[in-house]
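Observations on the model geometry
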Amino acid sequence: MDVTFNQMSGAIGSLILLWSRIERSARDDVVRLLGFLPAKAHGIKAVIGTWEGAVVEAQPSDTLCSLLAATLRLQLQGQLDIRNGICHGLIGIMGSVGDAPASLSWELNGSKHSISWEELQSSLGWLSKIPFAFSMISNPALDRLDCRVVDTIENREWWRAEWGLHLP
């Protein structure tokens, strides 16, 4: 697939906007759960960690909420590393040339990394769902028969299939 420099640049903008939306969603849920935003919740990583703690405190222990929050936070870490690398250490944007795929490259703390167009598109697709996952985990409809945070094999499979969460 031919991917241009402009498409790669646009993907960077999409990545930044998605992370802004993710941070805002987590922050809004923290405020809803705790009634305020703690001072320690500064920056995306801290907000997500605070969100996880708020979910653990607020949701019944017999639900999947705590496990889902912990799993989501862990899986977001790799994506956050990519975001931070691109935002703070971008060194190259390359459209596809011949057989060489389009990619972004970055360097942080002396380590070089890159992500291809295909990997980036997959990442953007998954990240675009995450604000909805925050809401479902933070504010589950426990009174509904189709509530997805009840700890059943079917619900664990659903979270694996629909959200790509690596649950035990």
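Up top you'll find the structure we're talking about.
The shown structure was predicted, so the numbers you read here are calculated from the model rather than taken from an experiment.

All right, on to the overall build of the chain then. Scanning the chain from terminus to terminus reveals 6 helices and 3 strands. If you list the helices and strands of the chain from N to C, you get α-α-α-β-β-β-α-α-α. By its C-alpha atoms, the chain is 55 × 35 × 25 Å across when sized along the principal axes. Buried positions account for 42% of the 168 residues belonging to the chain. Relative to all contacts within the chain whose residues are 6 or more apart in sequence, the contacts with residues 24 or more apart total 59%.

On the secondary structure map, F134 appears in helix α5 (residues 130–138). According to the relative accessible area criterion, F134 is buried, its value standing at 0%. For the pair F134 and S14, spaced 120 residues apart in the sequence, the C-alpha separation amounts to 19 Å. Here F134 is in contact with I22, S25, A26, D29, I48, W51, L72 and L76, once residues within four sequence places are set aside.

Here helix α2 (residues 44–58) is 15 residues long and its end C-alpha atoms lie 21 Å apart, about the 21 Å a rise of 1.5 Å per residue gives. Listed as buried for α2 are I44, V47, I48, T50, W51, E52, A54 and V55. Packing partners of the buried residues in α2 comprise α1 (5–34), α3 (65–89) and α5.

Moving on to the packing of aromatic side chains. According to the stated counting rule, one finds 4 aromatic pairs in the structure shown. Seen in terms of ring centroids, W51 and F134 are 4.4 Å apart; in terms of plane orientation they differ by 85 degrees. Their pairing is edge-to-face. Taken as a pair, W51 in helix α2 and F134 in helix α5 lie far apart in primary sequence, 83 residues in all. Judged by relative accessible area, W51 falls into the buried class, the value being 0%.

Turning our attention to the side chain of S25. Tracing the chain through its elements places S25 in helix α1. On the accessibility criterion, S25 (18% relative accessible area) is buried. Apart from residues lying up to four places away in sequence, S25 is in contact with P131 and F134.

Thresholds applied
- Residues numbered from 1 in each chain as written.
- Predicted model: local features only at pLDDT ≥ 70, side-chain atom pairs only at ≥ 80, totals over all residues.
- Heavy atoms only, no water.
- Helix = DSSP H or I, 4+ residues; strand = E, 2+ residues; numbered from the N terminus.
- Buried < 20%, exposed > 50% of the residue type's maximum accessible area, 1.4 Å probe, protein only.
- Contact = heavy atoms within 4.5 Å.
- Expected span 1.5 Å × (residues − 1).
- Phe/Tyr/Trp six-rings, centres within 6.5 Å; stacked < 30°, edge-to-face > 60°.

Keep in mind that these numbers describe shape and distance, not what the molecule does.
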